[in-house]
Amino acid sequence: MSTTNARGFWPLRDLPVLFWLIGTIVVAILHPFLPAPRWLMIHLLLLGAVSHAILVWSRYFADALLHTPTSDRAGQSRRLLLLNGGVLAVVAGVVSSTWAITAAGAAAVATAVLWHGWVLVGLIRSALAARFGATVRFYVAAACFLPVGATLGSLLARDLPDPWHARVVLAHAAVNLLGWVGLTVAGTLVTLWPTMLRTRIAEGAEKQAAQALPVLIAAVLVTAGSAAAGSRMLTAVGLLAYVVGLAQLGRAFLNALSRNPPRSFPADSVLAALLWLVGVLLVLAVGIGTAGSWSGAGRLFEWLTPFLAAGFGAQVLLGALSYLVPVALGGGPTAIRAANAALDRGSPLRIVVTNLGLLVCVLPAPSAVRAVTSVAVLCALASWLPLLVLALRASRRAKAEAAASLARGDKPSRSAEPRRPAGQVAGLAVTGAAVVALVVAAGVAVDPSALGRGTALSAAGEVSATGHTTTVQVAARDLRFQPSTVTVPAGDRVVIVLTNVDDEDVHDLLLDSGARTRRLSPGQSTRLDVGVVGRAIDGWCSVIGHRQLGMTFHIDTTPAAGSSQAGHGVHAHGPGAQAETGGQGDGSGDAAGKLDFMAKPPPGFEAVDAALPPLGSARVQRRTFVIRDVVREVAPGVTQRLWTYDGTMPGPVLHGRVGDSFEITLVNRGSIGHSIDFHAGALSPQGPMRTIAPGDSLVYRFRATRAGVWLYHCSTMPMSAHIANGLFGAVIIEPPNLPNVARSYVLVQSEFYLGDQAGLVDVTKVQSERPDAVVFNGYANQYDHKPLAAKPGDRVRVWVLDAGPNRSSSFHVVGAQFDTAYSEGAYLLRGGQAGAQSLGLQAGQGGFVDLTFPESGDYPFVSHVMVDAERGAHGSFHVSP
């Protein structure tokens, strides 16, 4: 054994994987608050932890298989430093949107891996013939792929337009995940898998490996090349060919499995990882081959990526390390068994929670269920870290005891390899399944969409039960129930089987009897027992605005036998029959009745900061917007349950220049489906602007090619309600050569259509265009109470956006004149002796004005649509020396 792979603790070899894994866990916990969290989690795990492990252990196996005694610890240290430094640079570059740092980091990673591959080639040339020497060729081939993947990753950091982005993402994943990681794993398992199972290597395994290698290499090349070239069918063929290559290796794999089934965490984890890899590749191949566009293929891959990362990448890494770390620690068989026993604690429970939990997340479960289940999966995977600490202690303790025994002259004991009792394995596995079941139940319990409202009233009227049951199949699609009307015999018990066959939005069914279903994500189905029906019943989808858009349902009845009256003329009304216009409030009544535009906010009130965020140097801006339902005060004493981007109304202001690229990760933590539409970018809306269900996310990329004050908003129907309830914000793209000013402020005008106190928007008011308040930056008259600051003689720029959804604006500053006015991409006025008194904007339009205050004082600003100024669109500049 070379000194490169000498047993014992070697910080540069052993610690970086732990740091990358801890970083992955931290990002998973803090992901709502971090830029590009999905990218970070995947790359910290795969590029950081897995790549470091590959560099360490592929060299370890190459030395072992080729019997090479050459010492290269110094060279290995340099390669590991170069690799980890490069990964850090890539992460820093992407997070800071600095492409030069990203590219430099990718180059460092590629150099380290190419250097590693070159060393392996030298080992092959200098070594004597060995039975499994050809396995090292897997490592060499893998090392050739990563530089290609790093180059493609650098291109992606430049924010390629669609459909190029989706195609290059797939090519990048193919060469990195299937080439760099997949080939290394496949080559290693030829010898490591039987060793894990403590059985002999199957005869002919080395020949099967030699035959599979060219198939796997060709499959990666076809997959990546076809994706880059734009052929979805050939990409699917390449993925299927990769599965065929794995199947060639699978004969020896299954041979070892049949002789000695897994009895430890390493083997269990690796087996589960390979099943996830094959399963995801098959689903991806079918999905890409049948996708209607590259955008659709990209969305499928985006959905499957976490299951490749966690199901395959994390499990194969933890399984392999659980076997290899005790060997690297050394100390003899007793110490190795002690470390193995510590790492094997609770193995069946951890394996079941991880994989059953991932399967739950694959299914179209409610958002709360997916959220809590993903936490359980994370905990199961993260449990490996404290167990590693226990393994280190157990190994050290066993070494000390062996040394003491040797000093006493005791004969070394030969303890048998510990075996887990079958009953214990089954018990832990059942416990794992029970944990997942409890987690799912907890998710259902806390899901607001699963809670009913109102008291159910009898639907039977005065009709006697017939004893028969009528089952009705109803589909929710495109804001309609299909069928929208059903006729049932009066007196029958009616059961409705509701299926949400929509592609994006959530739906439910609420009947005027008070009976209702839970909210269903796309693909979900549920049964609603209406009871005995003896009258006509009306129903609707209670998701805000859906009823008003025509998503209604009606049950009619035929006369019961012997009855002279049909049920369709009899209606019952009660709590469940009331129209849901304002959503659930706190029970304290109509919020509009509490409006007092002369009232002062409560003590400690802080106005929304209207200052324009500074323009940074990064040309690619990456942000995460998390949609949340929050209860906020919108006027003194008036609260509403708003839908928000990142908890604020308006959402965060984005500030850039022409040519800048934006990558926005949208995460829906709300109670219903939402979306986002950036007017600042021009691209096909079908993919990035789609509605995502609670718990889902998407990545929206656009390039700012034109200057202006641009609106972004939720485009889920009814759009008016989603905008009015808080889902909007501003993107400011500065015109070229814009003069500097002393102060810049952003004012976004919008309207409130108040429902109940702490309730949702009143959709009926929206449709009849009856706003209760018109405001700047989400709160009535807030800048009267907290004026915007300025000094005499300062040039002040005010960026104004009318978010609507319905009212126009005429921005005016009392006592001041505008010497510059810019609207919808064009200057209306630019210096000289002329001036302007107001900036007129329709809903969805934006612009800016420049002005100078001549002297100290308070200068009110309003929408000169005076009825709106009197209901909240009012503020003030406080100009003082």
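Calculation criteria
Residues numbered from 1 in each chain as written. Predicted model: local features only at pLDDT ≥ 70, side-chain atom pairs only at ≥ 80, totals over all residues. Heavy atoms only, no water. Helix = DSSP H or I, 4+ residues; strand = E, 2+ residues; numbered from the N terminus. Rg over C-alpha atoms; globule rule 2.2 N^0.38 Å. Buried < 20%, exposed > 50% of the residue type's maximum accessible area, 1.4 Å probe, protein only. Contact = heavy atoms within 4.5 Å. Areas by Shrake-Rupley, 256 points an atom, 1.4 Å probe, with all protein chains shown as cover. Lys, Arg positive; Asp, Glu negative; His and termini not counted. Charge placed at Lys NZ, Arg CZ, Asp CG, Glu CD. Pairing = 2+ DSSP bridges. pLDDT = per-residue confidence, 0-100. Core = buried A, V, L, I, M, F, W, Y, C linked by side-chain atoms within 4.5 Å. Polar contact = N/O pair within 3.5 Å; in protein donor to acceptor, adjacent residues only side chain to side chain. Expected span 1.5 Å × (residues − 1). Bend = angle between axes of the 7 residues up to and from the residue. Phe/Tyr/Trp six-rings, centres within 6.5 Å; stacked < 30°, edge-to-face > 60°. Lys NZ or Arg CZ within 6 Å of the ring centre and 35° of its normal. Salt bridge = Lys/Arg side-chain N within 4 Å of Asp/Glu carboxyl O. Patch = residues over 30% accessible without salt bridge, like charges linked within 9 Å, V, L, I, M, F, W, Y side chains within 5 Å. Axes fitted to C-alpha atoms, helices over the stretch in contact; angles between N-to-C directions. Parallel < 35°, antiparallel > 145°, perpendicular 65-115°, else oblique. Nonpolar A, V, L, I, M, F, W, Y, C, P; charged D, E, K, R; others polar. Left-handed = near helix turned anticlockwise from the far one by under 90°.

J.: Requested: an account of the overall build of the protein, with residues and values cited.
T.: Helix and strand counts for the protein stand at 19 helices and 27 strands. Scaling as 2.2 N^0.38, a compact globule of 881 residues should have a C-alpha radius of gyration of about 29 Å, and the protein matches this with 32 Å. By residue count, 57% of the 881 residues in the protein fall in the buried class. Sequence separation of 24 or more characterises 77% of the internal contacts of the protein that already satisfy a separation of 6 or more. For the protein, the accessible surface area stands at approximately 34900 Å², while carbon and sulfur atoms represent 61% of it. Both charge centroids of the protein, one from 67 positive and one from 55 negative side chains, sit 17 Å from each other.

J.: Could you give me a rundown of the sheet that holds strand E13 (residues 677–678), with the residues and numbers involved?
T.: Pairing within the open sheet is mixed, and its four strands lie in the order E11-E16-E15-E13. Edge positions in the sheet fall to strand E11 (654–657) and E13, since each of these pairs with one other strand and no more. Of the pairings in the sheet, the one linking E11 to strand E16 (residues 728–734) comprises four bridges and is parallel in character. Residue pairing for E16: Leu-654 is matched across the bridge by Val-731.

J.: Requested: an account of the confidence of the model for the protein, with residues and values cited.
T.: On average, the protein scores 85 in pLDDT, and the residues at 70 or more come to 90%. The element-level mean pLDDT for the protein is lowest in helix H15 (residues 422–446), coming to 79, with strand E17 (residues 743–752) highest at 96. Taken as a whole, residues 448–456 scores under 50 in pLDDT and shows 19 contacts with residues more than four places along the chain or in a different chain. Under a pLDDT of 50 for its full length, residues 561–581 has, in the predicted model, 49 contacts with residues more than four places off or in other chains.

J.: Account for the nonpolar core, with residues named and values stated.
T.: Among the nonpolar cores identified, the biggest contains 141 residues, and Leu-21, Phe-138, Trp-180, Trp-193, Phe-312 and Trp-384 are the most heavily contacted of them. A total of 22 residues in this core trace back to one element, the largest contributor, which is helix H10 (residues 294–329). Apart from residues lying up to four places away in sequence, Trp-193 is in contact with Phe-253, Ala-256, Leu-257, Pro-262, Ala-267, Val-270 and Leu-271. Residues Leu-479, Val-533, Tyr-700 and Tyr-753 belong to the second largest nonpolar core, which totals 56 residues.

J.: Break down the pairing of strand E10 (residues 638–645) for me, citing the residues and quoting the values.
T.: Counting buried positions over the eight residues of E10 gives eight, a clear majority of the element. The two faces of E10 match: Val-638, Gln-640, Leu-642 and Thr-644 on one face and Thr-639, Arg-641, Trp-643 and Tyr-645 on the other face are all buried. Linking strand E9 (residues 620–635) to E10, which pair antiparallel, is a turn of two residues; within it Gly-637 sits at a positive phi near 80°.

J.: Outline the side chain of His-713, listing residues and values.
T.: Along the chain, His-713 turns up in strand E15 (residues 708–713). In this structure the side chain of His-713 is engaged in a polar contact, spanning 3.1 Å, whose partner is the side chain of His-679. Excluding residues within four positions of it along the chain, His-713 makes contact with Tyr-645, Ser-675, Ile-676, Asp-677, His-679, Met-719, Ile-723, Leu-727 and Phe-728.

J.: Explain helix H8 (residues 232–259) residue by residue, including any values.
T.: For an α-helix, the turn length of 3.6 residues means that residues three or four places apart are oriented alike. When the terminal C-alpha atoms of H8 are compared, their 40 Å separation across 28 residues agrees well with the 40 Å that a helix rising 1.5 Å per residue should span. The largest bend in H8 comes to about 40°, at Leu-249. Two or three places before Leu-234, at the opening of H8, Ser-231 has a side-chain oxygen 3.3 Å from that residue's backbone nitrogen.

J.: How would you sum up the sheet that holds strand E3 (residues 485–489)? Please name residues and give values.
T.: On the basis of which strands lie adjacent, the open sheet formed by four strands has the order E3-E8-E7-E5 and mixed pairing. The sheet is open, and its two borders are formed by E3 and strand E5 (510–511), each paired with just one other strand. Pairing analysis gives five bridges linking E3 to strand E8 (residues 552–558), with the strands arranged parallel. Paired with Thr-487 across the strands is Asp-556, a residue of E8.

J.: Explain the packing of aromatic side chains to me, using residue names and the numbers behind them.
T.: For the structure shown, the criterion picks out 29 aromatic pairs. Relative to Phe-861, the ring of Tyr-783 has its centre 6.3 Å away and its plane inclined at 45°; by these criteria the two rings are tilted. Note that Tyr-783 is positioned in helix H18 (residues 782–785) and Phe-861 in strand E26 (residues 857–863), a separation of 78 residues in sequence. Residue Tyr-783 shares its accessibility class with Phe-861, and that shared class is buried. Of the aromatic side chains, those joined through ring pairs into one cluster are Tyr-745, Phe-776, Tyr-783, Phe-811, Phe-818, Phe-853, Tyr-859, Phe-861 and Phe-877. Note that Arg-79 overlies the ring of Trp-115, its terminal NZ or CZ placed 5.2 Å from the centroid. Sitting over the face of the ring of Trp-540, Arg-547 holds its NZ or CZ atom 3.7 Å from the ring centroid.

J.: Please provide a residue-by-residue account of the pattern of salt bridges, values included.
T.: Applying the stated criterion to the full structure yields 17 salt bridges. Residue Arg-535 pairs with Asp-512 through a salt bridge whose shortest N-O separation is 3.2 Å. Of this pair, Arg-535 sits in the loop between strand E6 (525–532) and strand E7 (537–540) while Asp-512 sits in the loop between E5 and E6, placing them 23 residues apart in sequence. Of the two residues, Arg-535 and Asp-512, neither departs from the other in class, the shared state being buried.

J.: Could you give an account of a nonpolar patch on the surface, naming the residues involved and the relevant values?
T.: Where nonpolar side chains cluster on the molecular surface, the patch consists of Phe-19, Ile-22, Val-26, Ile-29, Leu-30 and Phe-33 and spans about 610 Å² of accessible area. Given a relative accessible area of 62%, Phe-33 falls into the exposed group.

J.: How would you sum up helix H5 (residues 136–157)? Please name residues and give values.
T.: With 22 residues, H5 should cover 32 Å at 1.5 Å per step; its first-to-last C-alpha distance of 32 Å lies within 8% of that length. Counting buried positions along H5 gives 16 out of 22 residues, so the element sits mostly inside the fold.

J.: Before we move on, could you go through unusual backbone geometry and cite the residues and values that matter?
T.: Residue Gln-482 is joined to Pro-483 through a cis peptide bond whose omega torsion reads 0°. Looking at where Pro-483 falls in the secondary structure, it is placed in the loop between strand E2 (480–482) and E3. The omega torsion across Met-717 and Pro-718 is -5°, close enough to zero to call that bond cis. Positionally, Pro-718 belongs in the loop between E15 and helix H16 (719–724). Phi angles above zero are rare outside glycine, and Asp-646 is one such case at about 65°. Relative to the helices and strands, Asp-646 is located in the loop between E10 and E11. For Ala-758, which is not a glycine, the phi torsion comes out positive at approximately 65°.

J.: How would you explain the pairing of strand E20 (residues 795–804) if you had to name every residue and give the values?
T.: Among the 10 residues that make up E20, nine are buried, leaving the element largely enclosed by the rest of the structure. Relative to E20, E17 runs parallel, the two being bridged by eight bridges. Bridged to Val-746 within E20 is Trp-799. The pairing of E20 with strand E25 (residues 846–852) spans seven bridges and is antiparallel. The residue of E25 that forms the bridge with Val-798 is Val-849.

J.: Let's hear about the packing of helix H6 (residues 164–197) against helix H7 (residues 205–229): which residues, and what values?
T.: Close contact between H6 and H7 brings their axes to 8 Å; oriented N to C, the two are set at 170°. As the angle between them shows, H6 and H7 are arranged roughly antiparallel. Residues Trp-164, Arg-167, Leu-170, Ala-171, Ala-174, Val-175, Leu-178, Gly-179, Leu-183, Ala-186 and Val-190 of H6 touch H7, and the partners they reach there are Ala-205, Ala-209, Leu-213, Leu-216, Ile-217, Val-220, Thr-223, Ala-224, Ala-227, Ala-228 and Ala-229. For the contact of H6 with H7, the class distribution of residues is 19 nonpolar, two polar and one charged.

J.: So, a positive patch on the surface: which residues are in play, and what are the values?
T.: On the surface, a cluster of positive charge is made up of Arg-345, Arg-393, Arg-396, Arg-397 and Lys-399. Within the secondary structure, Lys-399 is located in helix H14 (residues 384–408).

J.: Just give me the short version of the packing of H5 against H6, but keep the residues and values in it.
T.: Where H5 meets H6, the closest approach of the two axes is 8 Å, and the angle between their N-to-C directions is 160°. It follows that H5 is roughly antiparallel to H6 by the angle criterion. The interaxial crossing formed by H5 with H6 has left-handed handedness. Here the contact of H5 with H6 is composed, by residue class, of 18 nonpolar, nine polar and no charged.

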